[in-house]
Amino acid sequence: MGDELPTEFDAIVVGTGMTECILAAALARIGKNVLHIDRNEHYGGDWASFNMDGMRRWIAQHKENTAAAEVREKPSAASLLQAGESLAIAQTQLSTISNVIERIFVR
């Protein structure tokens, strides 16, 4: 296999939560060329696990994203599609986590 990455895909799966991972695996299993990406620095969506430093970064990022999401308006994903392409939304829930506070107790 060369160093060149593919430029065309049968499916692009955005997000690495459980649903998206199963979908990407199923598509690859039946021979589809799949690009599986995530906007975060970690994989797993709500199923991710972190060490303490990773958790602190996630908390800070989550606070920033929550504040920014309230201000900006997102374009419709369907408006980005080209002729012959279709959109299948696997997850509509943005996040199940809110009001995260870090507290460390040492004995």
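Our subject is the structure listed above.
Residues numbered from 1 in each chain as written. Predicted model: local features only at pLDDT ≥ 70, side-chain atom pairs only at ≥ 80, totals over all residues. Heavy atoms only, no water.

Trainee: Just checking my understanding: could you explain the overall build of the chain for this structure?
Mentor: For the chain, the count of helices and strands is 2 helices and 2 strands. N-terminal to C-terminal, the α/β element order of the chain is β-α-β-α. For the chain, the residues scored as buried account for 12% of the 107 residues in total. For the chain, long-range pairs separated by at least 24 residues make up 47% of all intrachain contacts whose partners lie at least 6 apart in sequence. Carbon together with sulfur atoms contributes 54% to the accessible area of the chain, which is approximately 9500 Å² in total. (Helix = DSSP H or I, 4+ residues; strand = E, 2+ residues; numbered from the N terminus. Buried < 20%, exposed > 50% of the residue type's maximum accessible area, 1.4 Å probe, protein only. Contact = heavy atoms within 4.5 Å. Areas by Shrake-Rupley, 256 points an atom, 1.4 Å probe, with all protein chains shown as cover.)

Trainee: Is there a simple way to explain the side chain of Thr16 in this structure?
Mentor: By the secondary structure assignment, Thr16 is in the loop between strand 1 (11-14) and helix 1 (18-29). From its side chain, Thr16 meets the backbone nitrogen of Gly44 in a polar contact 2.9 Å long. The contact partners of Thr16, leaving out residues within four places of it in the chain, are Cys21, His36, Ile37, Asp38, His42, Tyr43, Gly44 and Gly45. (Polar contact = N/O pair within 3.5 Å; in protein donor to acceptor, adjacent residues only side chain to side chain.)

Trainee: Would you mind showing me how to read the environment of Ile37 here?
Mentor: You can see Ile37 is positioned in strand 2 (residues 34-37). C-alpha separation for the pair Ile37 and Ile12, spaced 25 residues apart in sequence, amounts to 7.7 Å. Discounting residues that sit within four places of it in the chain, Ile37 has contacts with Ile12, Val13, Val14, Gly15 and Thr16.

Trainee: Explain the pairing of strand 2 here, please?
Mentor: Regular strands have side chains that alternate between both faces of the sheet. Pairing of strand 1 with strand 2 involves 4 bridges; the strand directions are parallel. Counterpart to Ile12 in the pairing with strand 2 is Leu35. Between the parallel pair strand 1 and strand 2, the chain is carried across by helix 1, and the sense of this crossover is right-handed. (Pairing = 2+ DSSP bridges. Right-handed = clockwise from strand over helix to strand, strands pointing away.)

Trainee: Would you mind going over the pattern of salt bridges with me for this structure?
Mentor: Any two side chains of opposite charge can pair, given that their charged atoms come close. Under the definition given, this model contains 1 salt bridge. Among the salt bridges present, the one from Asp53 reaches Arg56, with a minimum N-O distance of 3.7 Å. Residue Asp53 and its partner Arg56 are both found in helix 2 (residues 52-71); the two are separated by 3 residues, about one turn of the helix. Under the relative-accessibility criterion, Asp53 is labelled partly exposed at 47%. (Salt bridge = Lys/Arg side-chain N within 4 Å of Asp/Glu carboxyl O.)

Trainee: Help me understand the packing of aromatic side chains, please; the structure alone is not making it clear to me.
Mentor: The relation between two aromatic rings is expressed through the spacing of the ring centres and the mutual angle of the planes. In the structure shown here, the tally under the stated rule is 1 aromatic pair. Between Phe50 and Trp58, the ring centres sit 6.4 Å apart and the planes meet at 35°, which makes this aromatic pair tilted. With relative accessibility at 15%, the residue Trp58 sits in the buried group. (Phe/Tyr/Trp six-rings, centres within 6.5 Å; stacked < 30°, edge-to-face > 60°.)

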